[in-house]
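Remarks on the overall topology
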Amino acid sequence: PSVQPEYEAYCKSRLTQLADYVLSKRIKNDEIKYFLPENFRTNLVMSINLRSLINFLSLRFSKEAHFEIRHLAALMIEELKKTYIKDIVDFETFTL
């Protein structure tokens, strides 16, 4: 027998409790992530023009950037290197 339905019900219950707690304490959106389990998967979908992409990467792939956003920028650069954008953008300029 599968425990998936029970697990999903448990997760939904705990997330509802978390949401109630967060709302009652007026916790900021950017701090809520620290209440989620480390293995809580999130997805990101974004639209961005080339100028803004280059600006984002130059700011977020730097030593001064927060480690989480720097990691995201590094992943983005690796994926972008697989596309035609590699012929337009010199990714070697983004260094740590």
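Below or above, wherever it landed, is the structure these notes cover. Within any chain, residue numbers begin from 1 and follow the written order of that chain's sequence. Local features in a predicted model are, by the rule used here, given only for residues with pLDDT of at least 70; side-chain atom pairs are given and counted only at 80 or more, and totals for whole chains, interfaces and linings are based on all residues. In computing side-chain values, all of the structure's heavy atoms are included and hydrogens and water are not.

1. Points about the overall build of the chain
- Segments assigned H or I by DSSP are reported as helices when at least four residues long, segments assigned E as strands when at least two residues long, and all are numbered from the N terminus. Check the secondary structure of the chain and you find 4 helices and 0 strands.
- Along the chain, helices (α) and strands (β) appear in the sequence α-α-α-α when read from the amino end.
- With C-alpha atoms as the basis for the radius of gyration, the globule rule is written as 2.2 Å multiplied by the number of residues raised to the power 0.38. Taken over C-alpha atoms, the radius of gyration comes to 19 Å for the chain, far larger than the 12 Å a tight globule of 96 residues would show.
- Considered along the principal axes of its C-alpha atoms, the chain spans approximately 50 × 40 × 25 Å.
- The cut-offs for exposure are 20% and 50% of the maximum accessible area for each residue type, with area from a 1.4 Å probe on protein chains only; residues under the lower value are buried, those over the upper are exposed, and the others partly exposed. Across the 96 residues in the chain, those meeting the buried criterion constitute 18%.
- A separation threshold of at least 6 residues defines the contact pool for the chain, and within that pool the share at least 24 residues apart is 39%.
- Residue exposure ignores everything except the shown protein chains as possible cover, and the areas themselves are Shrake-Rupley values with a 1.4 Å probe. Accessible surface for the chain amounts to roughly 8,400 Å². Of this, 55% is attributable to carbon and sulfur atoms.
- Each charge class in the chain was averaged separately, 14 positive and 13 negative side chains, and the resulting centres sit 5 Å apart. It only takes one pair of heavy atoms within 4.5 Å for two residues to be counted as in contact. For this count, His and the chain ends are skipped, Lys and Arg are scored as positive, and Asp and Glu as negative. The location of each charge is read from NZ of Lys, CZ of Arg, CG of Asp or CD of Glu.

2. With respect to helix 4 (residues 67-80)
- Take the residue count of a helix, subtract one, and multiply by 1.5 Å to get its expected span. Helix length check: helix 4 (14 residues) gives 20 Å between terminal C-alpha atoms against 20 Å at 1.5 Å per residue, within 8%.
- Within the span of helix 4, buried status applies to Ala73, Met76, Ile77 and Leu80. One face of helix 4 carries all of its buried residues, which in axial projection span an arc of 100 degrees.
- Elements in contact with the buried residues of helix 4: helix 3 (50-60). The arc in question is the one spanned by the directions pointing from the helix axis to the C-beta atoms.

3. A short note on unusual backbone geometry
- Positive phi is not limited to glycine here, since Arg26 has a value of about 55 degrees.
- For Arg26, the position within the fold is in the loop between helix 1 (4-25) and helix 2 (29-32).
- Overall, the relative accessible area of 76% leaves Arg26 in the exposed class.

4. Brief notes about the nonpolar core
- As used in this record, nonpolar core signifies buried Ala, Val, Leu, Ile, Met, Phe, Trp, Tyr and Cys residues forming a set joined through side-chain atoms within 4.5 Å. Leu53, Phe56, Leu57, Phe61, Ala73, Met76, Ile77, Leu80, Ile85, Val89, Phe91 and Phe94 form the largest nonpolar core, which has 12 residues in total.
- Counting only elements with at least two residues in this core, the list comes to helix 3 and helix 4.
- At 4 residues, helix 4 tops the list of elements feeding residues into this core.
- Those residues in contact with Phe94 that lie beyond four places of it in its chain are Ile54, Leu57, Ser58, Phe61, Ile77 and Val89.

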